[in-house]
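Each chain is listed here by its residues.
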Amino acid sequence: MTVVLNINSQRHEVDADPATPLLYVLRNDLKLNGAKFGCGLGQCGACTVLVEREPVFSCLTPIAVLEGRRVRTLEGLGTADKPGPLQAAFIKEQAAQCGYCIPGMILRAQALLEKNASPTQAQIRDHMQPNLCRCGTHMRILRAIDRAAKDMKTASATPPAPTETAR
Amino acid sequence: MTKAFMPPLSRRALLAGGGAVIVSFALTRHGLAQDAAPAKTKLPGDLSKAPMLDSWIGIDAQGGITVFTGKAELGQGIKTALLQCAAEELKVAPDTITLVTADTARTPNEGYTAGSHSMQDSGVAIRCAAAQVRAIMMTLAAAKLGVSEPDLTARDGAISTKNGRSARYAELVSGEALHVAAQPMSPLTPPKELKVIGEEMPRVDIPGKLTGKPMYVQDLRPDGMLHARVLRPSNYGARLAYFSTDAVRAMPGVVDIVRDGSFIAVVAQGEFQAINAVNVLAQNAHWSDGPQLPEQRTIHETLMALPSQDSTILDKGDAAQSGVKRLKATYTRPYQAHASIGPSCAVALWQDDRLTVWTHSQGVYPLRDSIAKMLALPPEQIHCIHAEGSGCYGHNAADDVAGDAALIAKAMPGKPIRVQWMREDEHGWEPFGPAMQTQVEAAVDTEGKLIAWQFEVWSNTHSMRPGGPGNLLAGQYLAQPFQPDAPKPIPQPEGGGDRNAIPIYAIPNARVVSHFTPDMPIRVSALRALGAYHNIFTTESFMDEMADAAGADPVAFRLAHLQDPRARDVVTRAAKEFGWNDKEKAPAGWGRGFAFARYKNLAAYCAVALDLHVDRSSGIISLGRVVAAVDSGQAVNPDGIRNQIEGAIVQSASWTTVEEVTFDRERITSRDWSSYPILRFPALPQSVAVHVIDRPEQPFLGTGEAGQGPAAAAIANAFARATGTRMRQLPLSPPRVRSAVAI
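This structure is a prediction, so every number in the text was calculated from the model and none was measured.

## Points about unusual backbone geometry
With omega at 10 degrees, the peptide bond leading from Q492 of chain B into P493 of chain B counts as cis. Residue position: P493 of chain B is located in the loop between β19 (450–459) and β20 (509–516). Residue L730 of chain B is joined to P731 of chain B through a cis peptide bond whose omega torsion reads -5 degrees. Topologically, P731 of chain B is positioned in the loop between α17 (708–723) and α18 (734–741). One non-glycine residue, E52 of chain A, lies in positive phi territory at about 55 degrees.

Here is the structure:
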């Protein structure tokens, strides 16, 4: 059965069981590496992507519920040559060890910064609670999110304002 | 499958098709790497294992430089640090070098990437080989340009004269110019002239990991790849009694079921199809009972009662003397899990009578030999290539899943097979860090100095790596099963269960006994820091207990017993940066703690000072400020060292305050993140600062495991200050804390 998905502003017709969780479609059908399999249980956040403006566990989200909804993955935020603000901040802070959890961290942080341009330390920690890191890179992840928030504010202070939230 | 594929981890894959010289290297590399070392002089680092310079460094006809290491990137940043070593001595920019990591067809056999050894083993070898290659280039250039060597300078891949004439490496190198044996002495760049070593070079792997490049073994997708899932038994040692495959075979996408004895796997076109199929297979499979597990509540009594091989690893003077005050205490740690965020994964392909395995194993050569024995193939027919996985922190299920993939691929010729474990497999079947018990007694004299120290440690082995095929989980469940190797202790001075059991402190009378228990009721192997985590937790907790007995400040007490000036510097630096003042009263519920160790008593020095708050009603420990100092010898990449120590501290805080593998009499019961919680963001320290003491004149010292023990003991010591109660059983989890200090 064909399901139409909007991933990073691109239309994809996917021939798959509608019950298939998004994660496997992203990784195997669309060959997008950003979202990672971690637990399949919604406990670790390695598979986090954005559906509209909300972070979701792609390992638990069947593609059937995604028709007509905008999905964003790590690949939609930037590239190695032209990283998005969070990616750039994570690179500047060297906020990775093995890096396996980081795509999920970046997507969850993206959702926060789109809603709250100046989160406090406590708000960041609380918001990032669903995502696990095993290397202990957390302190750098926090610094990177903080840096990205500041960088994004500086950038948005320069007109014209970004149209990121347009739907 | 159209052609042999390579993990797209580096530019190497592209280059391999280009330079003719490199291709011929590739064909002969295996032989080169295996040339035996000359017997006479010990060569530096792993040059002793692979003495030919071209085992480590290749320069092709276009001037492309390739560096080969037998070590693997595990997320510790080793690729970047090794590139820095090579670039410094070759006098080229790091980004002009292609680095090839652990690969049984191309790189030296450097054993396992483990034990904080990579910089001493591979870093030293590559740096020395690079310096010797540069010297060869100088000699060749002197002949070509007709000038004497002292008048030449190496820079940016060329050798130049003072008047501007130059020859590029590519012009100088020809034939087998680098196929020469390494010399014991290398013309290393003096510390003052270093330009790349010591720099905070950004990690080369981070941009790709942060933007979705195919960086992991999980990301490999060769044409025609199929997805497999293995149905693990109901519990340790259970055998497949009977099963039906009809329902599974009727499922969409299912290609085949591969079975050998009690090893059974489904292979499907799609990954989610394989997952669904293995779930249905589980409902149609029945297992015999395996042996009962011990009672978790009394696990340490059970382990202590097992037969043990006892060795006295330190015995000086009369350690039994009583002094003016003698204390005794027992400490325990539970089984703890590697618990990688990404479950273990491998891709394997059996084609043209050759098996290729892409693996995140820490030891591609030992894994190759293990798989060879399991499949009754000569090792030459097996090619193991390292591709990064999720961080492993020791011997997790990386080798097991490679064994799974090899078995399935062998049964399905021509089909690349990808196997990833499910979360419950990873948590339930990985080899855990062993539960341990220690008992320590010590006495102080009238001067408040330690005069006697007795330390005993009971532990299973800390290494069940491959090894024999029985060390691969699948090997134990075949129709003709393999037994795991007989467990062995890792000898001193590095030690395994007794790693860091010998105190670093100057104590005139001391005795340390290591009780090695071969029987393993729970599957165990190497978890980052091995026994050092618990032995340092014990030693450094007890140092505080003895400091209290002597009425001394914990930092001053340590310094009074430390003679090594580098140890003293690390302790002093951490105390100073933290602003240590034990006399100053902490706010209610807060306490400060300090701990120090030199990992293995021969690697990096690390001291940790921190404060924390204990909520007596919830039992929750909240970490405040954490400050560490570390001396890793010559620091190749100071930020890499800080990243490792920060990570070690946070990971150890997680082990120490929440982590414990649970089991009932049948099976492991901590099989996901809710039954095996680890630290989440809200529980992080308020801050972690790491101060690196660079020693440019000193050898590299391993860093990766140096922080775990000191962080654990600093937490326990701060807890004791905050509550007045000493906790000696890990983890200091909320239920334990509540029962210890409830109001």
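Text resumes after the structure shown.
## Thoughts on helix α10 (residues 364–375) of chain B
Residue and element names in this part refer to chain B. Over its 12 residues, α10 extends 16 Å from the first C-alpha to the last, a length consistent with the 16 Å expected when each residue adds 1.5 Å. Inspection of α10 places V364, Y365, L367, R368, S370, I371 and M374 among the buried residues, and these make up the whole buried set. Of the surrounding secondary structure, the elements contacted by the buried residues of α10 are β15 (354–359), β16 (382–386) and α11 (398–411). Downstream of α10 by one or two residues, A376 has phi in the positive range, about 55 degrees.

## Comments concerning the sheet that holds strand β1 (residues 57–59) of chain B
Residues and elements named next belong to chain B. Taken in spatial order, the 3 strands of this open sheet run β1-β2-β3, and their pairing is mixed. A strand with exactly one partner marks an edge of an open sheet, and here the two such strands are β1 and β3 (97–100). Between one strand axis and the next, the sheet turns by 20 degrees as a mean value, whatever way the strands run. Bridge analysis of strand β2 (residues 65–68) against β3 gives 4 bridges, and the strand direction is parallel. In the strand pairing of β3, T66 is matched with T98. The sheet contacts of helix α3 (residues 78–90) involve β2 and β3, and relative to β3 the element is tilted by about 135 degrees.

## A short note on the interface of chain A and chain B
With 47 residues of chain A in contact, the opposing surface of chain B contributes 47 residues. Looking at the side of chain A that touches chain B, the elements with two or more residues in it are α1 (22–29), α2 (85–92), α3 (102–115), α4 (121–127) and α5 (138–157) of chain A.

## Considerations on the confidence of the model for chain B
All names here are of chain B. With 94% of its residues at a pLDDT of 70 or more, chain B has an overall mean of 94. Overall, residues 1–38 carries pLDDT values under 50, and its contacts beyond four positions in sequence, including any with other chains, amount to 62 contacts. Our summary of model confidence lists the complex with pTM equal to 0.94 and ipTM equal to 0.94.

## Details of the nonpolar core
Residues and elements named next belong to chain B. One finds A405, C606, V608, A628 and V630 to be the most contacted residues of the largest nonpolar core, which totals 278 residues. The dominant element in this core, judged by the number of residues it contributes, is helix α4 (residues 118–145), at 11 residues. Apart from the residues within four sequence positions on either side, C606 is in contact with V570, A597, Y599, A628, V630, I645, A706, G707 and P710.

## Regarding the pairing of β16 of chain B
All names here are of chain B. Within β16, 5 of the 5 residues are buried, which leaves it mostly tucked inside the rest of the structure. The alternating pattern of β16 places I382, C384 and H386 and H383 and I385 on opposite faces, both of which are buried. Taken together, the 5 bridges between β15 and β16 define a ladder with parallel strand orientation. Counterpart to T359 in the pairing with β16 is H386. Viewed along the sheet, the connection from β15 through α10 into β16 turns out right-handed.

Conventions and cut-offs
- Residues numbered from 1 in each chain as written.
- Chains lettered and ligands numbered in written order.
- Predicted model: local features only at pLDDT ≥ 70, side-chain atom pairs only at ≥ 80, totals over all residues.
- Helix = DSSP H or I, 4+ residues; strand = E, 2+ residues; numbered from the N terminus.
- Expected span 1.5 Å × (residues − 1).
- Buried ≥ 20, exposed ≤ 12 C-beta atoms within 10 Å, placed from the backbone.
- Contact = placed C-beta atoms within 7 Å.
- Pairing = 2+ DSSP bridges.
- Axes fitted to C-alpha atoms, helices over the stretch in contact; angles between N-to-C directions.
- pLDDT = per-residue confidence, 0-100.
- Core = buried A, V, L, I, M, F, W, Y, C linked by C-beta atoms within 7 Å.
- Right-handed = clockwise from strand over helix to strand, strands pointing away.

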